[in-house]
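Understanding the architecture of this molecule
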Amino acid sequence: MKRTSLAALFALATAHAVSAQGATPLSATATPVIVSKSAELLTGDTWRDRGKLYRLYGVQSCLRGTTALNANGKELDCGNISLARLAALFSTAAVTCQPIALALDKATFVVCGAKLDGNTIDVGTALIAAGYAFAATDAKGNAVSATYLVAELNAKMNADGLWATKFQHPIELLLKPPSERKQ
């Protein structure tokens, strides 16, 4: 029996969810991408590398320009906190991503693994479980990854990362009509 790669299985499993988001699924044989140390990080879930735009599939970072209030009442840029966590992970680990779909804005949705201390961890799970990103949803508000939703609920329950601050959840903002998105 032929062995199927994990990336191919994941691509098949996510094809329905990806197309429900209006994205175009890629071939299960899409070539993995190694994130370069010179990648330009745009948000806590999106970056540009070698002229291509990439976005973590199923992950929503805090929106840049939105406020998080820490325990002392100090205002912080919520999106910059998410961005800093992604930057820390990318700078300390070798990150390889599997392209799975093209977003409407032509970004390539990817699922990434980071090699740390001989172990490979899922980048999305790491960011969400630490409380610095969230489970992305479809237009109806349903999580596109149950695994990521569980990680988010655990981070919230433990007040990890951004959950130790007061902020407006990015999904709440994104599901509002554009005219109502002001924080």
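Before reading on, note that the structure itself is shown above.
Bear in mind that the values here come from a model prediction, so they are computed numbers and not experimental data. (Residues numbered from 1 in each chain as written. Predicted model: local features only at pLDDT ≥ 70, side-chain atom pairs only at ≥ 80, totals over all residues. Heavy atoms only, no water.)

**Examining unusual backbone geometry**
Of note, Arg50 is a non-glycine position whose phi angle comes to about 50°, a positive value. Structurally, the position occupied by Arg50 is in the loop between strand E4 (46-49) and strand E5 (52-56). In this structure, Lys106 takes a positive phi of about 75° despite not being glycine. Residue position: Lys106 is located in the loop between strand E9 (94-102) and strand E10 (108-116). (Helix = DSSP H or I, 4+ residues; strand = E, 2+ residues; numbered from the N terminus.)

**Observations regarding helix H4 (residues 146-157)**
In this model H4 runs 16 Å from its N-terminal to its C-terminal C-alpha over 12 residues, within 8% of the 16 Å that 1.5 Å per residue would give. Along H4, the residues that are buried comprise Tyr148, Ala151, Glu152 and Ala155. Seen end-on, H4 carries its buried residues on one side only, within an arc spanning 100°. H4 presents Ala146 and Met157 as exposed residues on the side facing more than 90 degrees away from its buried surface. Residues of H4 that are buried sit in contact with strand E6 (59-61), strand E11 (119-122), helix H3 (123-129) and strand E12 (133-135). Ala159, located one to two residues past H4, shows a positive phi value of around 55°. (Expected span 1.5 Å × (residues − 1). Buried < 20%, exposed > 50% of the residue type's maximum accessible area, 1.4 Å probe, protein only. Arc of directions from axis to C-beta. Contact = heavy atoms within 4.5 Å.)

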